[in-house]
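Okay, here's what each chain looks like letter by letter:
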Amino acid sequence: MRSMTGYGRGEAAVNGWKLEVELSGVNRKQVDISVNLPGALQELESEARNLLAKSISRGRLAARVLLTHDDGTDNRLLFDEGLAKQYVAAVRRIALDTGIEPNLTAADLFRAPGVFRVDESGVDPLEVREALFSALGSALAQLVKMQQDEGGHLRADLQARLAGIVGEVAAIRALAPLVAPAYRQNLMKRLGDSGLALDLDDDRLLREIALYAERCDITEELTRLDSHVALFRTYLESNEPMGRPLDFLCQEFNRELNTIGSKANDAAIARHVVNAKTELEKIREQVQNVQ
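Everything in this summary refers to the structure shown in the same document. Treat the numbers as computed from the prediction; the structure is a model and nothing was measured.

Our next topic: the overall build of the chain. If you tally the helices and strands in the chain, you get eight helices and six strands. Ordering the α and β elements of the chain from the N terminus gives β-β-β-α-β-β-α-α-β-α-α-α-α-α. A buried classification covers 35% of the 291 residues belonging to the chain. At a minimum sequence separation of 6, the contacts of the chain that also span at least 24 residues come to 78%.

What follows deals with the packing of aromatic side chains. Applying the stated criterion to the full structure yields one aromatic pair. Look at F232 and F253: their rings are 6.1 Å apart centre to centre, the planes differ by 70 degrees, and that puts the pair in the edge-to-face class. On the criterion of sequence distance, the pair formed by F232 in helix α6 (residues 219-236) and F253 in helix α7 (residues 243-264) is long-range, its members being 21 residues apart.

Let us look at the packing of α6 against α7. Viewed as axis vectors pointing N to C, α6 and α7 meet at an angle of 160 degrees, and their least axial separation amounts to 10 Å. One element, α6, and the other, α7, form an angle in the roughly antiparallel class. The way α6 lies across α7 gives a crossing that is left-handed. The residues of α7 that touch α6, namely those facing E221, L222, R224, L225, H228, V229, L231, F232, Y235 and L236, are P245, L246, L249, C250, E252, F253, E256, L257, T259, I260 and K263. A breakdown of the residues in the contact of α6 with α7 according to their chemical character gives 14 nonpolar, two polar and five charged.

Here we take up the pattern of salt bridges. Within this structure, the stated rule accounts for 17 salt bridges. R224 is the partner of E221 in a salt bridge, and the nearest nitrogen-oxygen pair spans 3.6 Å. Of this pair, E221 and R224 both sit in helix α6, three residues apart, roughly one helical turn. By relative accessible area, which is 33% here, R224 ends up partly exposed. Each of E220, E221, R224, E256 and K263 takes part in salt bridges that share partners, so that together they form one network.

Procedures and definitions
- Residues numbered from 1 in each chain as written.
- Predicted model: local features only at pLDDT ≥ 70, side-chain atom pairs only at ≥ 80, totals over all residues.
- Heavy atoms only, no water.
- Helix = DSSP H or I, 4+ residues; strand = E, 2+ residues; numbered from the N terminus.
- Buried < 20%, exposed > 50% of the residue type's maximum accessible area, 1.4 Å probe, protein only.
- Contact = heavy atoms within 4.5 Å.
- Phe/Tyr/Trp six-rings, centres within 6.5 Å; stacked < 30°, edge-to-face > 60°.
- Axes fitted to C-alpha atoms, helices over the stretch in contact; angles between N-to-C directions.
- Parallel < 35°, antiparallel > 145°, perpendicular 65-115°, else oblique.
- Left-handed = near helix turned anticlockwise from the far one by under 90°.
- Nonpolar A, V, L, I, M, F, W, Y, C, P; charged D, E, K, R; others polar.
- Salt bridge = Lys/Arg side-chain N within 4 Å of Asp/Glu carboxyl O.

Have a look at this one:
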């Protein structure tokens, strides 16, 4: 089991070029991969994206690559003075039209797109390709290790909460056979309290008791819950991506528990259903962190 959150960092160098890669993963239902490469290495983006896509089943994974050179003449900061003047002139025009103060600082220009950029002229993408993917591989290994460590904690928590649901289901199974006899006893008592003469062989009375016993029968729901528990445990021990299947199973658990609560019509069973759904909600929250 792996979580969707994690961080990894890797470095590599070749022919005076240094590549630093940072990977960060966060929760998201679908796969979302963002690769931020230096302009000179854009042709390697597709290959880098494909490598990352093989490592995750869902979640957002952002990759940031920094390229530097040990010779400052090959990698320098460029300043577009003309574009900067246009930004300044635009700000002043807006200030004049609206009456606001044009509080523009030099730092604001660093955030303006295109005013400052790093000149990466002289780098050949094929020259640094191997180093890039070496750094990317190191960062990915760190990221996966962190996700697996967190996944281990998630698995332990899910197993404990699933055991709680199993205990509640066992209590429901023990109470289920008592529901129909209790209804029959209460029905007889109400009829007796009303002063009506009772005929225990009256077809209408027997039919009412039989219909109630059929309506409150939760055998099928309990059997399906047992199946869901077994499948949930199978996924927990699997090495395959399991976030989506576990999410689906949580919905199925909820469906069966709701049906049991409505069919059984018993206060004691209802309490166990509420307890099981409380654990289920915690499981569902944790599953949202699982790949």
